[in-house]
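Residue-level listing of the chains:
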Amino acid sequence: MIQNCLKQRFEHTSQLLRFCHFQLGFKSFSFSVLPMTVCPQLLQTDTIEKPAVCVIYPYCSRSKSLHDRAVINCQYSMATFSTAERKRRPHGDRKSSEMSLHLKQTFEAAVLTELYPRSQIDIYVKILQADGGNYSACVNAATLALVDAGIPMRDYVCACTAGFVEDTPLADLCHAEESGGGTSLALALLPRSGNIALLQMDARLHQDHLDALIEAAMTACKGLSKVLDGVVRQHLEEVSVLTRD
Amino acid sequence: MTSTAEPLEYHRSFLKENCRPDGRELGEFRPTTLNISSISTADGSALVKIGNTTVICGIKAELTMPPSDAPNKGYIVPNVDLPPLCSSRFRPGPPGEQAQAASQFIADVIESSDLINREELCIEKSKLCWVLYCDIMCLDYDGNLLDACIIVLLAALKNARLPEVTINKETDLAEVDIQKKRHLKINRHPVGSSFVIFDDSIIIVDPTAEEESLSTALLTVVTDEEDRLCAVHKPGGTSLSGEKLQHCINRAITRNKEISKLVDKVIESMKMAK
């Protein structure tokens, strides 16, 4: 059953976050004998959509399992029709592998992996339509998927891009702005503590501008965390009403 | 008995009363919803949900040279992708057996039902033609994949718009006019209906993933809008009498009408919204 979503728009003088739709738990799954949770959810931010799914396996391949923690495994792939030019290699190319690794590192910082020794958490993210900010949308989708799975985390992980276009810091860049040649910075934040999980910046930027850019991204992330929180609470209310009957 | 400890007995107890665990009758399909034009980067797209099974299709058109054995025809290339996020039974890596079999089935349906005239896709004989890549992706697998794939392909092709292409006589290069776009001409409307056979005798329509795994045989019938048979696919399993097969075909014909109405309604509402 589809639980409906919260939509909010943030507008600051030089910062704009696109419309965000979040839907939790749109898939049902039957439990097998081994405890395994699957909790997919659909994330749509104006022009990027991707379903993120999270699966926990209570076991892991011998070579990769850790005795005291869970291993987080991320797979990022793009649908062939997601970009303007048809994407010939949706998996296995350098960009996908790099993204998968970044997602893995981001979530290792947030998920309480010590609670699941010798287990594996798989996060699969697939991009259906790409319009800039791929990494951020993936992180936000995966956060909600982990929340839906009931995996304990330190905090929500919210991500947003920011860039400098004609001396104005802009939050949440679209594809045209990103490929326009200006700076773009991707930031993944744990909003409550204000700790940065991942920061990536490409292209040249003057040192003085870095603070303004990080500030812009952080504000956008904090706004986003409120939206995510609202959606989770609303979903919880709806589910508890249904299960009470 | 519980549904996890003895799933077969659990299902049998419902079938005795002529119904199924989710409350459906034996011949009832799950509620089907359709959404088109959701992906703006694709030339045509559609999303279909049959119960929990969710399938999305994106059509991308590219230009290429026509095949040497058919210089006046274009290509249409379907591909079904079952990523690990749709169900835990699929592992990451190259396409598995089920995905490849589904891709081939869809290709056969396109060919046998004459869905689209390949000559229409040719722009200039022996020089230039369209190749339509139809990428079908399952987002949530809960049984009845083939039906959903056929519906979503049909809806996406009806929704697809290709730009006008002319060949400049002097430079011999193609000129694409993105402003002028036209729809594809769809000849036939094939719609599939899937059945499973339980315990060698009971036939159920539109199986869920659990029912599929407990069944003894699968059957898919594809008919077009003029009540003609396009494809019948019964990959082994227990045998079926001719009379029961005819019964299935009749049910498939009814289903075709329901789905055609749905697709037309959605496309009409899109046109009106514009």
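As shown above, the structure is provided for reference.
Residues numbered from 1 in each chain as written. Chains lettered and ligands numbered in written order. Predicted model: local features only at pLDDT ≥ 70, side-chain atom pairs only at ≥ 80, totals over all residues. Heavy atoms only, no water.

## So, the sheet that holds strand β10 (residues 183-190) of chain A
Residues and elements named next belong to chain A. Spatially, the four strands line up as an open sheet ordered β9-β8-β10-β11, and their pairing is antiparallel. One side of each edge strand has no neighbouring strand; the edge strands of this open sheet are β9 (168-171) and β11 (195-202). On average, adjacent strands in this sheet sit at an angle of 20° to one another, irrespective of strand direction. Summarising the sheet, strand β8 (residues 158-165) and β9 pair through four bridges and their orientation is antiparallel. (Pairing = 2+ DSSP bridges. Helix = DSSP H or I, 4+ residues; strand = E, 2+ residues; numbered from the N terminus. Axes fitted to C-alpha atoms, helices over the stretch in contact; angles between N-to-C directions.)

## Focus on the pattern of salt bridges
All names here are of chain B. This model, assessed by the stated rule, comprises 20 salt bridges over all chains. Measuring nitrogen to oxygen at the nearest pair gives 3.4 Å for the salt bridge that ties Arg-182 to Glu-164. With Arg-182 in strand β8 (residues 174-183) and Glu-164 in strand β7 (residues 161-167), this residue pair connects regions lying 18 residues apart in the sequence. Assessed through its relative accessible area of 30%, Glu-164 is described here as partly exposed. A network of salt bridges, in which partner residues are shared, links Asp-22, Arg-24, Arg-30, Asp-142 and Asp-206. (Salt bridge = Lys/Arg side-chain N within 4 Å of Asp/Glu carboxyl O. Buried < 20%, exposed > 50% of the residue type's maximum accessible area, 1.4 Å probe, protein only.)

## Quick look at unusual backbone geometry
All names here are of chain A. One non-glycine residue, Arg-118, lies in positive phi territory at about 60°. Counting through the fold element by element, Arg-118 comes out in the loop between α1 (94-110) and β7 (120-127). One non-glycine residue, Asp-172, adopts positive backbone phi at about 60°. Topologically, Asp-172 is positioned in the loop between β9 and α3 (175-178). Overall, the relative accessible area of 15% leaves Asp-172 in the buried class.

## Looking at the side chain of Asp-142 of chain B
Residues and elements named next belong to chain B. You can see Asp-142 is positioned in the loop between β6 (128-140) and α3 (145-159). Overall, Asp-142 belongs to the buried group, its relative accessible area being 17%. For Asp-142, the side chain forms a polar contact with the side chain of Asn-52, separated by 3.5 Å. With residues up to four places along the chain from it excluded, the contact list for Asp-142 reads Arg-30, Asn-52, Thr-53, Pro-207, Thr-208 and Ala-209. (Polar contact = N/O pair within 3.5 Å; in protein donor to acceptor, adjacent residues only side chain to side chain. Contact = heavy atoms within 4.5 Å.)

## Side note on the nonpolar core
Among the nonpolar cores identified, the biggest contains 58 residues, and Val-55, Ile-106, Leu-132, Ile-136, Leu-153, Leu-157 and Leu-184 of chain B are the most heavily contacted of them. No other element matches α3 of chain B, which puts twelve residues into this core. Counting 28 residues, the second-largest nonpolar core is a separate cluster that includes Ala-70, Tyr-76, Val-111 and Ile-121 of chain A. (Core = buried A, V, L, I, M, F, W, Y, C linked by side-chain atoms within 4.5 Å.)

## Here we look at the pairing of strand β6 (residues 71-78) of chain A
All names here are of chain A. Here β6 lies mainly inside the structure; six of its eight residues are buried. Pairing between β6 and β7: eight bridges, direction parallel. Counterpart to Gln-75 in the pairing with β7 is Tyr-124.

## Points about the interface of chain A and chain B
Counting from both sides, the interface comprises 28 residues of chain A and, opposite them, 27 residues of chain B. Both sides of the chain A and chain B interface together cover about 2300 Å² of buried area, and 56% of this is carbon and sulfur. Between the two partners, chain A and chain B, sit two salt bridges. Between Asp-81 of chain B and Lys-126 of chain A there is a salt bridge, and its shortest N-O distance comes to 3.7 Å. (Buried area = accessible area lost by both parts, 1.4 Å probe.)

## Here we look at the pairing of β7 of chain B
Note on strand geometry: in a regular strand, side chains alternate between the two faces of the sheet. All names here are of chain B. For β7 and β8, the ladder comprises seven bridges, and the chain directions are antiparallel. When the sheet's bridge partners are listed, Arg-161 is paired in β8 with His-183. Where β7 folds back onto β8 in an antiparallel hairpin, the turn is made up of six residues, including Asp-172, whose phi is positive at roughly 60°.

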